[in-house]
Amino acid sequence: MFCFPLPMFLVALSFAYFAKALSGSYMKSTITQLERRFDIPSYLIGVIDGSFEIGNLLVIAFVSYFGAKLHRPKIIAVGCVLMSIGTFIISNLSMWIYVLLGNVLRGIGETPVQPLGISYIDDFATEENAALYVGCVQTISVVGPVFGYLLGSLCAKIYVDIGFVKMETITITPADARWVGAWWLGYLIAGVITLLSAIPFWFLPRSLPMSGPRGPENVLKADLPPSTDFFPTLRTLLGHPVYLIYLCVTIIQLNSLIGMVTYKPKYIEQHFRQSASKANFLMGVINIPAVALGMFSGGLLMKRLKLNIMGAARFAFGTSLIGYFLSLFFFTMSCENAKVAGVTLSYNSVDTVSYDKHSLLTACNSDCLCSASDWDPVCGENDVTYVSPCLAGCTGSTGSGKNTVFSNCSCVGVAGNFTASTGQCPHTDDCDRMFPYFLALSVITSFIISLGGTPGYMFLIRCIKPQLKSLALGFHALATRTLAGIPAPIYFGAIIDTTCLKWGQKRCGGIGACRIYNTTAYRIAYLGLTLSLRTISFIICIPGFILLSRQLKSEERNGIHGALANGGTELEALRKEEFVTSNSDQSQQTSDNSTDRETRL
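If you're wondering where the values come from, they're calculated on a predicted model, not measured in any experiment.

Asker: Mind showing me how you'd approach the overall build of the protein here?
Answerer: On a plain count of helices and strands, the protein comes out with 18 helices and seven strands. Expressed as a percentage of its 601 residues, the buried residues of the protein come to 47%. Looking at the protein as shown, the accessible area adds up to about 29300 Å², and 64% of this sits on carbon and sulfur atoms.

Structure representation (structure tokens):
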């Protein structure tokens with residue numbers, strides 16, 4: 001049907017990888033937008049984010065077992081269609097539960113793309129080309145998050161109800177804690193891209209002619225049902241001490257990584273008071289390329305240095321440890337919390353920030369009958385933010401939209417006509433000076449930690465027997481998704497919620513999204529949890545290196561003994577061969593002499 005079906009499959013799979021990576025990273029970029037749109041706390045956003053992994057786990061065993069028996073390209077096509085449907089469900093429905101269900105459907109649809117796609121390439125490509133093709137696909141998948149975060153940056157600039165309201169009447173800006181961007185627009189775009197990625201797979205064949213020395217027996221072996229000794233084999237795998245420690249270390253480090261990446265744009269927004277659009281732009285343009293370059297450079301260094309299994313383990317550990325020590329400097333990069341009367345400072349002392357419990361209602365606004373649950377901040381002439389014009393004691397206003405000016409604000413000053421403008425007061429200069437240093441350190445640490453990614457993965461492959469490799473990789477993926485991908489966003493979000501100073505209120509009652517955080521507590525909780533998990537992983541690595549050293553010495557001894565045994569066997573065989581050859585030569589010589597005699601006669 002096609003002249004070059006395998007390259008066409010490679011292009012189609014690369015596009016599918018790009019589409020799923022784009023939509024996944026776009027989900028990360030909309031964390032704060034979804035919080036504000038549905039008025040929900042961070043831990044609930046963590047549940048929504050982890051629901052993707054739940055959907056994946058629901059069908060991964062079914063797909064892995066039956067997928068190889070069926071038409072793999074068409075199964076991948078069905079998966080891409082399901083992903084697009086899930087993405088469309090997220091974009092047009094008005095309740096957060098539908099966002100969760102749509103993300104579960106995305107996870108179900110994503111399941112066949114990687115295992116069936118990679119196995120298809122491995123079955124029908126030559127051995128020397130298979131690694132190259134897989135590398136190309138993985139490289140394309142790194143490009144997806146860049147475009148995902150850039151799409152998130154673009155949509156965050158656009159107001160959520162664009163086309164339905166007059167923008168002149170909007171009183172908030174993208175930097176406001178109440179701003180909600182057009183998050184739904186990005187999901188529509190991602191859904192269309194994912195749907196387009198399904199089209200080529202419908203026209204690709206179920207199987208291809210074998211290339212090179214590979215024979216059909218390789219595919220037949222892949223199609224065989226699992227042996228009845230699955231559980232004994234799994235017991236053997238989990239009884240491998242080095243693999244078990246590696247599994248524990250990677251689960252803990254992935255908890256740290258996933259939690260950190262999920263809430264990093266939010267941290268930039270809240271701590272350095274940047275807009276969601278700028279935070280996503282910086283993630284896409286600076287952080288993700290640094291990670292991609294680090295992973296590529298790590299693989300290149302491993303090849304150049306010709307690292308063995310111990311060398312790979314030391315390299316991965318060393319880069320992670322250097323990144324850990326550099327990350328400690330993040331604790332020093334702090335910004336002073338915003339001055340909000342009744343929240344971070346007292347009405348009676350507007351010069352000193354404190355986190356004691358303050359009252360929003362005081363003498364200057366007691367006659368105004370204000371609601372303490374509202375969040376409609378204004379900036380007074382004294383550079384102090386007030387929760388609402390009413391709580392600032394304002395009795396008049398002029399202008400409209402973003403240009404509204406409130407007058408006669410008794411809480412701003414006691415003499416004269418003090419005014420207040422819409423929105424929070426701009427942040428201080430110390431944040432502007434500190435933010436570039438934060439970005440630079442973030443890029444450096446991301447690059448250094450990513451250097452150990454490829455050697456660490458190669459260590460996983462090499463630390464076990466070849467016959468256990470497939471099971472080890474599959475169980476590793478299952479364990480990390482279950483114990484890191486699902487819980488990390490939830491408990492990171494729950495801990496971040498504890499640092500909230502002012503909660504929004506839903507119209508129907510109940511706690512909504514957080515409006516302002518204690519930035520000092522936020523920084524300690526976010527960075528402290530991230531680095532604490534990595535500290536635990538480093539401690540577990542110590543017995544891991546000891547056991548790995550013993551394993552390598554044992555294998556070396558067994559190798560020497562085996563070589564001696566094989567050498568003795570080979571020597572004996574050689575002697576037998578010489579003996580047989582000698583007898584054969586003697587027989588041949590006797591036969592030749594007899595022939596000569598017969599000729600002479």
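Asker: Just to check I follow, could you spell out the confidence of the model for the protein for this structure?
Answerer: When pLDDT is low, close inspection of the predicted coordinates is not appropriate. The pLDDT averaged across the protein works out to 81; a share of 84% of its residues lies at or above 70. Taken together, the stretch residues 213-227 has pLDDT below 50 and engages in 17 contacts with residues farther than four places along the chain or on a different chain. A low-confidence stretch, residues 573-601 (pLDDT under 50), is modelled with zero contacts involving residues beyond four sequence positions or located in other chains.

Asker: Looking at this structure, how should I read the environment of Phe 331?
Answerer: Along the chain, Phe 331 falls in the loop between helix H13 (309-327) and strand S1 (378-380). Given the relative accessible area of 27%, Phe 331 is considered partly exposed. Those residues within four positions of Phe 331 in sequence are excluded, and the remaining contacts are Arg 523, Ile 524, Leu 527, Gly 528 and Leu 531.

Asker: Help me understand the side chain of Asn 280, please; the structure alone is not making it clear to me.
Answerer: Mapping Asn 280 onto the fold places it in helix H12 (residues 276-305). Among the residues examined, Asn 280 registers a relative accessible area of 1% and is labelled buried. Leaving out residues up to four positions away in the same chain, Asn 280 has contacts with Ser 29, Tyr 149, Gly 152, Ser 153 and Pro 265.

Asker: So what exactly am I meant to see when it comes to the state of the cysteines here?
Answerer: Two cysteines, two sulfur atoms, one covalent bond between them: this is a disulfide. Tallied over the full model, the rule gives five disulfides. The partner cysteine of Cys 364 in its disulfide is Cys 411, sulfur to sulfur 1.8 Å. Where Cys 364 bonds to Cys 411 through sulfur, the torsion about that S-S bond is close to 100°, and the disulfide is right-handed. Linking Cys 364 in the loop between H13 and S1 with Cys 411 in the loop between strand S4 (405-407) and strand S5 (420-422), this pair joins segments that are 47 residues apart in sequence. Judged by relative accessible area, which is 12%, Cys 411 ranks as buried. Put simply, Cys 379 and Cys 425 are joined by a disulfide, and their sulfur atoms are 2.0 Å apart.

Analysis parameters
Residues numbered from 1 in each chain as written. Predicted model: local features only at pLDDT ≥ 70, side-chain atom pairs only at ≥ 80, totals over all residues. Heavy atoms only, no water. Helix = DSSP H or I, 4+ residues; strand = E, 2+ residues; numbered from the N terminus. Buried < 20%, exposed > 50% of the residue type's maximum accessible area, 1.4 Å probe, protein only. Areas by Shrake-Rupley, 256 points an atom, 1.4 Å probe, with all protein chains shown as cover. pLDDT = per-residue confidence, 0-100. Contact = heavy atoms within 4.5 Å. Disulfide = S-S within 2.5 Å.

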